[in-house]
Amino acid sequence: MGDMRPIRNIVILTGAGVSAESGIDTFRSAGGLWEQHRVEDVATPEGFARDPELVLRFYDMRRAAIQTKAPNAAHEALGRLDAAWPGELLIVTQNVDDLHERGGARRLLHMHGEHLLAWCTSCDMRSPWTGPLIERPACPACDTRALRPDVVWFGEVPYHMDAINGALREADLFVSIGTSGAVYPAAGFVRSARALGARTLELNLEAGKGASWFHESRLGPATELVPAWVEEVLASR
Ligand code: APR
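Description of the structure in this document.

Thresholds applied
- Residues numbered from 1 in each chain as written.
- Predicted model: local features only at pLDDT ≥ 70, side-chain atom pairs only at ≥ 80, totals over all residues.
- Heavy atoms only, no water.
- Helix = DSSP H or I, 4+ residues; strand = E, 2+ residues; numbered from the N terminus.
- Rg over C-alpha atoms; globule rule 2.2 N^0.38 Å.
- Buried < 20%, exposed > 50% of the residue type's maximum accessible area, 1.4 Å probe, protein only.
- Contact = heavy atoms within 4.5 Å.
- Areas by Shrake-Rupley, 256 points an atom, 1.4 Å probe, with all protein chains shown as cover.
- Lys, Arg positive; Asp, Glu negative; His and termini not counted.
- Charge placed at Lys NZ, Arg CZ, Asp CG, Glu CD.
- Pairing = 2+ DSSP bridges.
- Right-handed = clockwise from strand over helix to strand, strands pointing away.
- Axes fitted to C-alpha atoms, helices over the stretch in contact; angles between N-to-C directions.
- Expected span 1.5 Å × (residues − 1).

**Notes on the overall build of the protein**
In terms of helices and strands, the protein carries 10 helices and 9 strands. A globule of 237 residues ought to have a C-alpha radius of gyration of about 18 Å, and the protein, at 18 Å, matches this closely. Expressed as lengths along the three principal axes of its C-alpha atoms, the size of the protein is roughly 55 × 35 × 30 Å. Out of the 237 residues in the protein, the part that is buried amounts to 51%. Residue pairs at least 24 apart in sequence account for 64% of intrachain contacts in the protein once pairs closer than 6 positions are excluded. Total accessible area on the protein is roughly 10,800 Å²; 54% of this is exposed by carbon and sulfur atoms. Distance between charge centroids for the protein: 2 Å, based on 24 positive and 31 negative side chains.

**So, the pairing of strand S8 (residues 199-204)**
The side chains of a regular strand alternate between the sheet's two faces. Buried residues dominate S8, accounting for 5 of its 6 residues. Sheet topology note: the strand S7 (residues 173-177)/S8 ladder contains 5 bridges and is parallel. If you follow Leu-173 over to S8, its bridge partner there is Arg-199. Regarding the hand of the β-α-β motif, the stretch spanning S7, helix H9 (residues 189-195) and S8 is right-handed. With 4 bridges connecting them, S8 and strand S9 (residues 216-219) associate as parallel partners. Opposite Asn-204, over in S9, you have Leu-219 as the bridge partner.

**Digging into the sheet that holds strand S1 (residues 10-14)**
Strands sit in the order S3-S2-S1-S7-S8-S9 across an open sheet of 6 strands; the sheet is parallel. Strands with a single pairing partner mark the edges of an open sheet, and in this sheet they are strand S3 (108-110) and S9. In this sheet, adjacent strand axes meet at a mean angle of 15 degrees when their direction is disregarded. Here S1 runs beside strand S2 (residues 89-93); their pairing, made up of 5 bridges, is parallel. Note that in S2 the partner of Leu-13 across the bridge is Val-92. In this fold helix H10 (residues 222-235) packs onto S1, S7, S8 and S9, with an angle of close to 150 degrees to the strand it touches most, S8.

**As for H10**
Between its first and last C-alpha atoms H10 spans 19 Å; for 14 residues at 1.5 Å apiece the expected length is 20 Å, and the two agree. Listed as buried for H10 are Ala-222, Leu-225, Val-226, Pro-227, Trp-229, Val-230, Val-233 and Leu-234. Tucked inside the fold, the buried residues of H10 contact S1, helix H1 (17-20), helix H6 (73-84), S7, S8 and S9.

Set out below in structure tokens:
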């Protein structure tokens, strides 16, 4: 990592690549989710308005699938880092699975929402949800049958952006793990962090689209790169 100002505040961005070795499909790799489904049909408000059953079935299948998966060594290493790191630390995930939580992460924000929450479009409440939504069940808070997946679709505003931008302003180190850098605003975080003086590191199976913005890139599977990096950072405390 080279020498720099002491590392006190760390921001980590994760994408589908951190969950790939847990058996959860990524979006843009060969055979990935967006090769099997048209984004505009299952991941936009227009698609939901046009065919709500198609969208509800798509997310029912993914909500059920993630409950059969387990966190991998990368999630668990990040959980150890979160528990041990004395400075500021924030994991910003684009993922909607709960593997970071199950891997021990606490200082975590889901900027694209979560599979295991249902969002009531009538009263705006979010409720923990593990079952299907296809039968249009009643909202636990207002009893209206107006629940949708609490997942940020294309064209919708990602969650927690104020907190994320605040953390990027304070970051001494920005680490991007397992994301293609194909979707904004997440894809722009490395530039903001670097412009504000942070060191930037990419851990990825292949270089993402923002590769040139990273001071350092390490290529390989997350279950190898992330535990090694976490040990390195904890040793440098
Ligand atoms: N270890 C590390 N990285 C991996 C691994 C692995 N075992 N397998 C794949 N990757 C990397 C790929 O090299 C790629 O950079 O994970 C990334 C997967 O890219 P995408 O499929 O585009 O997933 P992601 O970057 O998370 O997509 C961002 O796009 O469709 C939207 O909302 C969706 O949150 C998603 C966003």
